[in-house]
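Structural features, examined
Listed below are the residues making up each chain.
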Amino acid sequence: MQIVKNIIDLKNTLKSSKKEEKKIGLVPTMGSLHEGHLSLIKAAFKSCNEVWVTIFINPTQFNDPKDFESYPKDFENDIKKINSISCNINVFIPESVNEIYQDNTNIDEFELGFINTVLEGISRPGHFDGVATIINKLFEIFRPQVVFFGEKDFQQTLVIRTLIDGFFPNIILVVCPTVRNKNGLALSSRNKLLSANSYKQCGIIFDCLLFAKENYLKIDYPDLLRKIKSKIEKTNDFNLEYFEIRDEITLEHFGKSNDKGRFRGFICVKVEGVRLIDNLLF
Ligand code: PAF
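Read on for a plain summary of the structure. Only a predicted model underlies this, so the values are computations on that prediction, with no experimental measurement involved.

On to the overall build of the protein. The secondary structure content of the protein amounts to 11 helices and nine strands. For the protein, the C-alpha radius of gyration of 19 Å lies close to 19 Å, the compact-globule estimate for 282 residues. Its C-alpha atoms give the protein principal-axis dimensions of about 60 × 45 × 35 Å. Put simply, the protein has 282 residues, and 53% of those count as buried. Within the protein, contacts between residues separated by at least 24 positions form 71% of all contacts whose residues are at least 6 apart in sequence.

A few words now on the sheet that holds strand β6 (residues 172–176). With parallel pairing, six strands are arranged side by side in an open sheet as β1-β4-β3-β2-β5-β6. A single partner strand is all that each edge strand has here, and the edge strands are β1 (3–4) and β6. Inspection of the sheet shows β1 paired to strand β4 (residues 89–92) by two bridges, in the parallel sense. Each residue of the ladder has a partner; that of I3, found in β4, is V91. Here helix α2 (residues 35–47) sits on the sheet and contacts β2 (24–29), β3 (50–55), β4, β5 (146–150) and β6; the angle it forms with β5, its principal contact strand, is near 160°.

Attention now goes to the packing of aromatic side chains. One pass over the full model with this rule turns up 11 aromatic pairs. On the basis of an interplanar angle of 35° and a centroid distance of 6.4 Å, the ring pair of F56 and Y101 is categorised as tilted. Remark: Y101 occurs in helix α5 (residues 97–101) and F56 occurs in the loop between β3 and α3 (65–70); sequence separation between them is 45 residues. Across the pair, exposure class does not vary: F56 and Y101 are buried alike. Seen from their ring centres, F254 and F263 are 4.9 Å apart, and the 75° between their planes marks the pair as edge-to-face. Lying across the ring of F211, K231 places its NZ or CZ 4.3 Å from the centre. Lying over the aromatic face of F154, R264 brings its terminal NZ or CZ to 3.9 Å of the ring centre.

The strands making up a sheet associate through backbone hydrogen bonding, with each pair oriented either parallel or antiparallel. Here we have three strands laid out as an open sheet, ordered β7-β8-β9, and antiparallel in their pairing. In this open sheet, the two edge strands, each paired with only one partner strand, are β7 (238–247) and β9 (274–281). Between one strand axis and the next, the sheet turns by 15° as a mean value, whatever way the strands run. Direction of pairing for β7 relative to strand β8 (residues 263–271): antiparallel, over a ladder of nine bridges. Among the inter-strand pairings, D247 is bridged to a residue of β8, identified as F263. Against the sheet, helix α11 (residues 221–233) touches β7 and β8, its axis set at about 145° to β7.

Turning our attention to the site of the ligand. For the ligand, the full set of nearby residues is P28, T29, M30, N58, Q61, I134, I135, F149, D153 and Q156. Measuring from an oxygen atom of the ligand, one finds a side-chain N or O atom of Q61 at 2.6 Å. Here an oxygen atom of the ligand sits 2.7 Å away from a polar atom, N or O, in the side chain of Q156. Taken by itself the ligand offers 290 Å² of open surface, and the protein chains cover 88% of this. Each residue belonging to the shell around the ligand can be placed in one class, and the counts come to five nonpolar, four polar and one charged.

W52, I135, F139 and F142 are the most contacted members of the largest nonpolar core, which totals 40 residues. Where this core is concerned, the elements lending two or more residues are α1 (7–19), β2, α5, α7 (127–142), β5, α8 (154–167) and β8. If you tally residues by element for this core, the top one is α7, at nine residues. In this structure I135 touches P28, F149, I160 and L163, once residues within four positions along its chain are discounted. Counting 26 residues, the second largest nonpolar core, distinct from the first, contains F206, A212, L240 and V271.

Criteria and thresholds
- Residues numbered from 1 in each chain as written.
- Predicted model: local features only at pLDDT ≥ 70, side-chain atom pairs only at ≥ 80, totals over all residues.
- Heavy atoms only, no water.
- Helix = DSSP H or I, 4+ residues; strand = E, 2+ residues; numbered from the N terminus.
- Rg over C-alpha atoms; globule rule 2.2 N^0.38 Å.
- Buried < 20%, exposed > 50% of the residue type's maximum accessible area, 1.4 Å probe, protein only.
- Contact = heavy atoms within 4.5 Å.
- Pairing = 2+ DSSP bridges.
- Axes fitted to C-alpha atoms, helices over the stretch in contact; angles between N-to-C directions.
- Phe/Tyr/Trp six-rings, centres within 6.5 Å; stacked < 30°, edge-to-face > 60°.
- Lys NZ or Arg CZ within 6 Å of the ring centre and 35° of its normal.
- Near = heavy atom within 4 Å.
- Polar contact = N/O pair within 3.5 Å; in protein donor to acceptor, adjacent residues only side chain to side chain.
- Areas by Shrake-Rupley, 256 points an atom, 1.4 Å probe, with all protein chains shown as cover.
- Nonpolar A, V, L, I, M, F, W, Y, C, P; charged D, E, K, R; others polar.
- Core = buried A, V, L, I, M, F, W, Y, C linked by side-chain atoms within 4.5 Å.

Below is the structure:
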């Protein structure tokens with residue numbers, strides 16, 4: 001395992017991989033790794049002959065400074081977990097924000113279009129511009145053949161797709177299925193911020209997605225939304241931020257587009273102030 005902490009060393013290391021024409025797989029993360037991340041790393045390890053995991057809590061994608069401050073950090077364990085998959089996986093863990101941004105933590109301008117104006121795009125203004133900024137930098141540095149992202153952040157995968165289509169047409173995007181705990185809660189680094197009691201009740205989020213999948217063609221939308229809101233808000237400190245059904249490519253509302261596409265339910269629930277997002281293909 002190579003653990004690289006600065007860009008100069010990284011570029012030198014990557015030079016020899018390029019010479020050997022290795023198929024490079026990239027798994028960008030913000031650390032605090034869980035089984036969801038590990039499934040991405042395993043998928044990369046299976047299909048590529050050089051794998052890089054990046055661990056970097058990217059400041060430009062946090063619209064809320066408190067969220068940035070409280071984002072869980074567990075670098076030592078992250079390295080152990082990666083090593084337990086294979087000692088042949090490499091890690092880039094920049095030693096400072098400057099290593100990536102120099103003195104300029106500005107967001108780059110990307111034309112993300114409509115997908116940036118709905119769901120998380122509304123709730124977290126600037127978030128996807130920050131994601132596109134860091135991912136663009138990482139793609140430029142690594143020039144990977146294949147990149148791995150989780151279905152849990154489905155809207156994020158559409159942003160990555162837009163970036164790839166616009167600037168990196170040779171990169172293959174692999175979206176790996178959401179990993180859930182036994183109650184159905186999608187694994188997320190933010191789950192660590194929940195109290196034990198709330199954590200136990202979070203299965204209701206996935207239950208609501210399953211309920212919606214079962215009923216969205218039978219119940220009209222306002223009624224479905226009311227039912228989901230009441231299921232979620234039965235539990236103290238659980239607040240429904242949004243539940244929406246949208247086309248999985250255009251993110252047009254179900255009912256507004258020609259309804260021939262594939263639709264997904266998207267949900268965001270605030271639990272004790274922690275935003276938990278999930279989605280499901282209908
Ligand atoms: O999904 C994440 O952890 C982050 O948004 C990502 C893709 C690593 C960019 O910082």
